[in-house]
Amino acid sequence: MDPIAKSLKKRSLSAKIETRGRLLTQICTLLIVLLVLAIFGFIATKGVAVFIQDHGSLWDFFTKTTWSPDQTDLHQRPLIGALPMIVGSFAVTFLAVLLATPFALAAAIFMSEISPQRGNKILQPVIELLVGIPSVVYGFVGLAVIVPAVQKVAGGSGFGILAGTLVLFVMILPTITSMAVDALKAVPRHYREASLALGATRWQTIYKVVLRAAAPGLMTAIIFGMSRAFGEALAVQMVIGNAILMPSNLASPATTLTSVLTMNMGNTVMGTTANNALWTLALLLLLMSLIFNIVIKYLGKRSALR
Amino acid sequence: MAKRTTFTRVLDENKYEIALSTNNLRVNYGDYEALHGVSLQFERYKITALIGASGSGKSTYLRSLNRMNDTVGSAQVSGQIMYRNLDINSAQVDVYEVRRHIGMVFQRPNPFSKSIRENITFALQRRGLHDSKKLEQIVETTLKQASLWEQVKDDLNKSALALSGGQQQRLCIARALALEPDILLMDEPTSALDPISTANIEQAMQELKQHYTIIIVTHNMQQAARVSDYTAFFHQGKLIEYDQTRRIFTRPQVQLTEDYVSGHFG
């Protein structure tokens, strides 16, 4: 038999290494998938226990305002009204994003369109630094600066939705900005050239062409900021007041899902209704971040199609 | 909208009129001089081809003519660009107005990810034209001028990105025509296209030159020979020779030009 033909029939060493490598990456991937599924399964089973074992009412969970899981109402159902913290979480999240988006967009436009050189030299490092600051530091600054300031302006204790919003605003500003910069930079240069060559001004080009083309990416940046704000625990907990009450105004003490979790998880015994109720909050947080992720994925897909 | 109503204009009247000229035009990128003082005159209603190897400065030169080099931070353009007895390379001139009169078509088709109609109306709307009847009229006229109307007239709302490469490039030409420029700059407009699309665009150019002065950069010497009336040969940032196209290709005066057009280098 021809020696070359013979060698072609035999599996070479590199082919074997190839197979082994592929197997290794597949196993690692599988491991990650299993891990995620396991976490999800664990939190889900724990999270529904309060409804199944302890006969809590899903309706009460989303609509009632009394949170006292170790006590029961007339129908022997635990008091698990989570509405105050759900409202608190959504309020600080949306207000922070509402506040941060215009600033972040302006900064991103400056960095990618108006003055990329100064943007890259000064703003980029500042933003990277801001992203890296631990949240406890933000909370501490909030406690020392923002809470007294709110107290002075709005009265009351200073703790509340407003203080939480302001702290989150500073925290998510760099996140949204840097992702918005990426989105703007991803707009092909030839879009800008096409617009300028047609006699459009720089602002018309930014507003009508660049921002439109980057819209899905900018939406992703905003939702990413939202997701970060929604999941932030420590910094918010330090300034929001931690009262499980429906917030009556922006300066009254309130709480968020994450704050209740961190405040109470050390004080309950595994398997009790009070502990199960906390797992339900964790499940809700997980589902929300899942929703945020799905929206981001969906937007990414849509922008890829364009 | 005068231009569209005067399609029967007699060309011979303005036969030797100069549409645009440059006087000692230089372009520097920092310390590096990419273009060493080019003086050229472009005759009205003619097609002038700029040929030369990569890096010869012909694209840099073209992009200076409508001040597109302003958008490149490090580029410095000195010298005169005379248009209607005005040096449009001076700082006092409104670049956005310059680009309205001197349109540009790029190497790669670059329509906006908007509908076909919006691609054409974009620049007009930015200039405050919102009369939908008029816009509709211009969409039709310009698409006809770019020989695209028959293929797209039923789906003007379709995304421009759904068109083929050649169709996209003709849309870009139509888009530039919507502003009724005097002069159309084309930067290797067919280099990303297949031969049939190229032929379509070349044919459209022949019709366009009745109403527009066209300056085209091309790598393709057959294309320069086919479509242009005049040819300018650039080499290493200098203008080497400029003449009627048929003389450049049959009896060039400079040895370098002859070497280039006969394919000995480049």
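Residues numbered from 1 in each chain as written. Chains lettered and ligands numbered in written order. Predicted model: local features only at pLDDT ≥ 70, side-chain atom pairs only at ≥ 80, totals over all residues.

1. Remarks on the domain arrangement of chain A
Residue and element names in this part refer to chain A. Where we set the bar: How far each domain reaches was decided by an automatic or database domain assignment. Note that contacts rest on C-beta atoms placed from the backbone: two residues are in contact if these are within 7 Å. Counting from the N terminus, the helices are DSSP H or I runs at least four residues long and the strands are E runs at least two residues long. Charged means Asp, Glu, Lys or Arg here, nonpolar means Ala, Val, Leu, Ile, Met, Phe, Trp, Tyr, Cys or Pro, and polar covers whatever is left, Gly included.
According to the domain assignment, chain A consists of domain 1 (13-80) and domain 2 (83-305). Each of domain 1 and domain 2 has a C-alpha centre, and the two are 25 Å apart. Contact with domain 1, which involves 18 residues of that partner, is made by 13 residues of domain 2. Within the residue set of the side of domain 1 that touches domain 2, elements represented by two or more residues are α2 (13-52), α3 (58-63), β1 (67-72) and β2 (78-80). Residue composition of the side of domain 1 that touches domain 2, by class: ten nonpolar, four polar and four charged.

2. Structural notes on the sheet that holds strand β1 (residues 18-29) of chain B
Residues and elements named next belong to chain B. Put simply, the rule reads: Strand pairing requires that DSSP identify at least two bridges connecting the strands. Every axis in this analysis is a line fitted to C-alpha atoms, fitted for helices over the stretch in contact. Angles between the N-to-C directions lie between 0 and 180 degrees.
One open sheet holds the four strands; their spatial order is β2-β1-β4-β5, and the pairing between them is antiparallel. Strands at the two margins of the open sheet, each flanked by one partner only, are β2 (32-43) and β5 (86-87). Sheet analysis places β1 next to strand β4 (residues 75-83), joined by seven bridges and oriented antiparallel. Note on β4: the bridge partner recorded for N28 is Q76. Sheet contacts for helix α2 (residues 58-65): β1, β2 and β4; angle to β1, the most-contacted strand, approximately 120°.

3. Concerning helix α5 (residues 132-145) of chain B
Residues spaced three or four apart along an α-helix point in a common direction, a consequence of the helix completing one turn every 3.6 residues. Residue and element names in this part refer to chain B. The criterion, for reference: Helix span, expected: 1.5 Å multiplied by one less than the number of residues in the helix. In this scheme every C-beta is placed from the backbone, and a residue whose C-beta has 20 or more other C-beta atoms within 10 Å is buried, one with 12 or fewer is exposed, and one in between is partly exposed.
Taking 1.5 Å per residue as the helical rise, α5 with its 14 residues ought to reach 20 Å, and the 20 Å between its terminal C-alpha atoms agrees with that figure. Within the sequence span of α5, burial applies to I138, V139, T141, T142, L143 and Q145. Backbone geometry just downstream of α5 places S147 in the positive-phi region, at approximately 50°.

4. Here we look at the sheet that holds strand β3 (residues 47-51) of chain B
All names here are of chain B. Reading across the sheet, the six strands line up as β6-β7-β8-β3-β9-β10 and stay open at both edges, with mixed pairing between neighbours. Sheet topology places β6 (102-105) and β10 (238-244) at the edges, where each strand pairs with a single neighbour. With direction set aside, neighbouring strand axes in the sheet form an average angle of 20°. The pairing of strand β9 (residues 230-235) with β10 spans six bridges and is classified as antiparallel. Within β10, the position partnered with T231 by the bridge is D243.

5. Quick look at the interface of chain A and chain B
Contacts between the two partners involve 15 residues from chain A, matched on the other side by 20 residues from chain B. Elements with a minimum of two residues in the side of chain A that touches chain B: α8 (189-197) and α9 (202-231) of chain A. Per element, the largest residue contribution to the side of chain A that touches chain B is six residues, and it comes from α8 of chain A. Along the lines of polarity and charge, the residues of the side of chain A that touches chain B split into eight nonpolar, four polar and three charged.

6. What to know about the confidence of the model for chain A
Our working rule: On a range of 0 to 100, pLDDT expresses the predictor's confidence in each residue.
With 99% of its residues at a pLDDT of 70 or more, chain A has an overall mean of 91. Taken element by element, chain A is modelled with least confidence in helix α1 (residues 3-9) of chain A, mean pLDDT 84, and with most confidence in helix α4 (residues 83-114) of chain A, mean pLDDT 95.

7. Comments concerning unusual backbone geometry
All names here are of chain B. Even without being glycine, R84 reaches a positive phi, approximately 50°. Within the element layout of this structure, R84 appears in the loop between β4 and β5. Of note, the phi angle at N85 is positive, near 65°, even though the residue is not glycine. Topologically, N85 is positioned in the loop between β4 and β5.

8. Some words on the pairing of β6 of chain B
Residues and elements named next belong to chain B. Residues I102 and M104 point to one face of β6 and G103 and V105 to the other, with burial holding for every one of them. The sheet contact formed by β6 and strand β7 (residues 183-187) spans four bridges and is parallel. Looking at the pairing, V105 lines up with M186 of β7.

9. Digging into the packing of helix α7 (residues 165-177) of chain B against helix α8 (residues 195-208) of chain B
The description of two packed helices rests on the angle between their axes and on the distance between the axes. Residue and element names in this part refer to chain B. Heads up, the condition is: Orientation categories follow fixed angle ranges, with anything under 35 degrees roughly parallel, anything over 145 roughly antiparallel, 65 to 115 roughly perpendicular, and all other angles oblique. A crossing counts as left-handed when the near helix is turned anticlockwise from the far one by less than a right angle, and as right-handed when that turn is clockwise.
Contact geometry for α7 and α8: axes closest at 9 Å, N-to-C directions at 20°. Classified by the interaxial angle, the pair formed by α7 and α8 is roughly parallel. α7 and α8 meet at a crossing whose hand is right-handed. Here G165, G166, Q169, R170 and I173 of α7 lie close against α8, whose contacting residues are S197, N200, I201 and A204. When its residues are assigned to classes, the contact of α7 with α8 shows three nonpolar, five polar and one charged.

10. Here we look at the environment of D70 of chain A
Residue and element names in this part refer to chain A. Structurally, the position occupied by D70 is in strand β1. Remark: the alpha-carbon pair of D70 and T101, spanning 31 residues in sequence, is separated by 41 Å. Among all residues touching D70, those that are not within four sequence positions of it are T273 and A274.

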